[in-house]
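Structural overview
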Amino acid sequence: MASGKKKRRTEEENREFNQDWTESFAFIYNTDGLPTCLICHEKLAHNKKSNLERDFAAKHTQFAGKYPTGDARKKAVKELRKKQQQTGHNLPIM
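These lines cover the structure that appears in this document, whether it is placed above or below. In this text, all values refer to a predicted model and were calculated from it rather than measured experimentally. (Residues numbered from 1 in each chain as written. Predicted model: local features only at pLDDT ≥ 70, side-chain atom pairs only at ≥ 80, totals over all residues. Heavy atoms only, no water.)

Let's talk about the nonpolar core
- In this structure, Phe-25, Ala-26, Phe-27, Leu-38, Leu-52 and Phe-63 are the most contacted members of the largest nonpolar core, which totals 15 residues.
- Secondary-structure elements contributing two or more residues to this core are helix H1 (20-25), strand S1 (27-29), helix H2 (49-59) and helix H4 (71-87).
- Leave out the neighbours within four places in its chain, and Leu-38 touches Ala-26, Ile-28, Val-77, Leu-80, Arg-81 and Gln-84. (Core = buried A, V, L, I, M, F, W, Y, C linked by side-chain atoms within 4.5 Å. Buried < 20%, exposed > 50% of the residue type's maximum accessible area, 1.4 Å probe, protein only. Helix = DSSP H or I, 4+ residues; strand = E, 2+ residues; numbered from the N terminus. Contact = heavy atoms within 4.5 Å.)

This is the structure in structure tokens:
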């Protein structure tokens, strides 16, 4: 039963990384344009808010509890970014 429909390809959706996700979910984009977690260094396959949100909620509840949204989280994320840049993990300087 061939339906003749083309499969949906996420590469064709032109998704871009949203800078607000850095503060909200502690993610930045790497040199390949993929979202990378500042906490566990895991790279996700797609720039989708739901994927970042799910990773953050499932794996980093302690971080979320320790640094609720606002100035405390901004400062913590800034420190994580500085640490990433010092170690040189395939990430752009932003």
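Structural notes on the environment of Thr-22
- Here Thr-22 shows up in helix H1.
- In this structure, the C-alpha to C-alpha distance between Thr-22 and Thr-36, residues 14 residues apart in sequence, is 9.7 Å.
- Excluding residues within four positions of it along the chain, Thr-22 makes contact with Phe-17, Phe-27, Ile-28, Val-77 and Arg-81.
- Polar contacts involving the side chain of Thr-22 include one to the main-chain carbonyl oxygen of Phe-27, which spans 2.8 Å. (Polar contact = N/O pair within 3.5 Å; in protein donor to acceptor, adjacent residues only side chain to side chain.)

Here we look at the pattern of salt bridges
- Under the criterion given, the structure shown has 3 salt bridges.
- Of the charged contacts, one joins Lys-59 and Glu-42 as a salt bridge, the two residues approaching to 2.3 Å between their closest N and O atoms. Taken as a pair, Lys-59 in helix H2 and Glu-42 in the loop between strand S2 (35-37) and H2 lie far apart in primary sequence, 17 residues in all.
- With relative accessibility at 45%, the residue Lys-59 sits in the partly exposed group.
- For Glu-42, a relative accessible area of 30% gives the class partly exposed. (Salt bridge = Lys/Arg side-chain N within 4 Å of Asp/Glu carboxyl O.)

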